[in-house]
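Coordinate analysis (summary)
Single-letter residue listing:
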Amino acid sequence: MHQAGLNIRKSLFGAEVVEKRMQAAGEFGAPLQKMINQYAYGEIWGRDALPRKTRSLLVLAMMCAANRPHELRIHLRGALANGCTQDEIREVLLQVAIYCGIPASLDAHNIAMEVFAEAK
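Rules and cut-offs
Residues numbered from 1 in each chain as written. Predicted model: local features only at pLDDT ≥ 70, side-chain atom pairs only at ≥ 80, totals over all residues. Heavy atoms only, no water. Helix = DSSP H or I, 4+ residues; strand = E, 2+ residues; numbered from the N terminus. Expected span 1.5 Å × (residues − 1). Buried < 20%, exposed > 50% of the residue type's maximum accessible area, 1.4 Å probe, protein only. Arc of directions from axis to C-beta. Contact = heavy atoms within 4.5 Å. Phe/Tyr/Trp six-rings, centres within 6.5 Å; stacked < 30°, edge-to-face > 60°.

With respect to helix α6 (residues 102-119)
Its 18 residues place the ends of α6 25 Å apart at the C-alpha level, agreeing with the 26 Å of an ideal helix rising 1.5 Å per residue. Regarding α6, the residues found buried are Ser105, Ala108, Ile111, Ala112, Val115 and Phe116. With its buried residues spanning 140° around the axis, α6 presents them on a single face. In α6, those exposed residues whose orientation departs by more than 90 degrees from the buried face are Ile102, Pro103, Met113 and Ala117. Of the surrounding secondary structure, the elements contacted by the buried residues of α6 are α3 (52-65), α4 (69-81) and α5 (86-100).

Following this line, the structure appears as structure tokens:
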């Protein structure tokens, strides 16, 4: 599961980005990186019941709800790589406004616009 998860993670965010994050964690963070690869990406993202595009949209909403702007930025890039459109992402962020609050959605919209501009 660890290797399968690592492969999925690299396909979402790019091998260079993943390797950089893993190296930055160093020896101290290595066990957490292993857990992320094995469980988050291997066990969960590797399941077939939901397409990756749907999983990306779910994670975007959760990162907004949890107020995790750094992870939101990363997962916005992954969502685009998974084929999510800007319109689909906007719809998720609008739903966030109702269920998590307008400030959370506003922050997410601002981050999304930055990520979309970088992706061009």
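Now that the structure has been shown, we can carry on.
Points about unusual backbone geometry
One non-glycine residue with positive phi stands out, namely Asn67, at about 55°. One can find Asn67 in the loop between α3 and α4.

Looking at the packing of aromatic side chains
Using the criterion set out here, one finds two aromatic pairs in the structure. On the basis of an interplanar angle of 85° and a centroid distance of 6.0 Å, the ring pair of Phe13 and Tyr41 is categorised as edge-to-face. Residue Phe13 is found in helix α1 (residues 2-13), and its partner Tyr41 is found in helix α2 (residues 15-44); the two are separated by 28 residues along the sequence. There is no split in this pair, since Phe13 and Tyr41 are both buried. When the ring of Tyr41 is compared with that of Trp45, the centres are 5.9 Å apart and the planes differ by 25°; the resulting orientation is stacked. Given a relative accessible area of 7%, Trp45 falls into the buried group. Following the ring pairs from residue to residue traces out a cluster consisting of Phe13, Tyr41 and Trp45.

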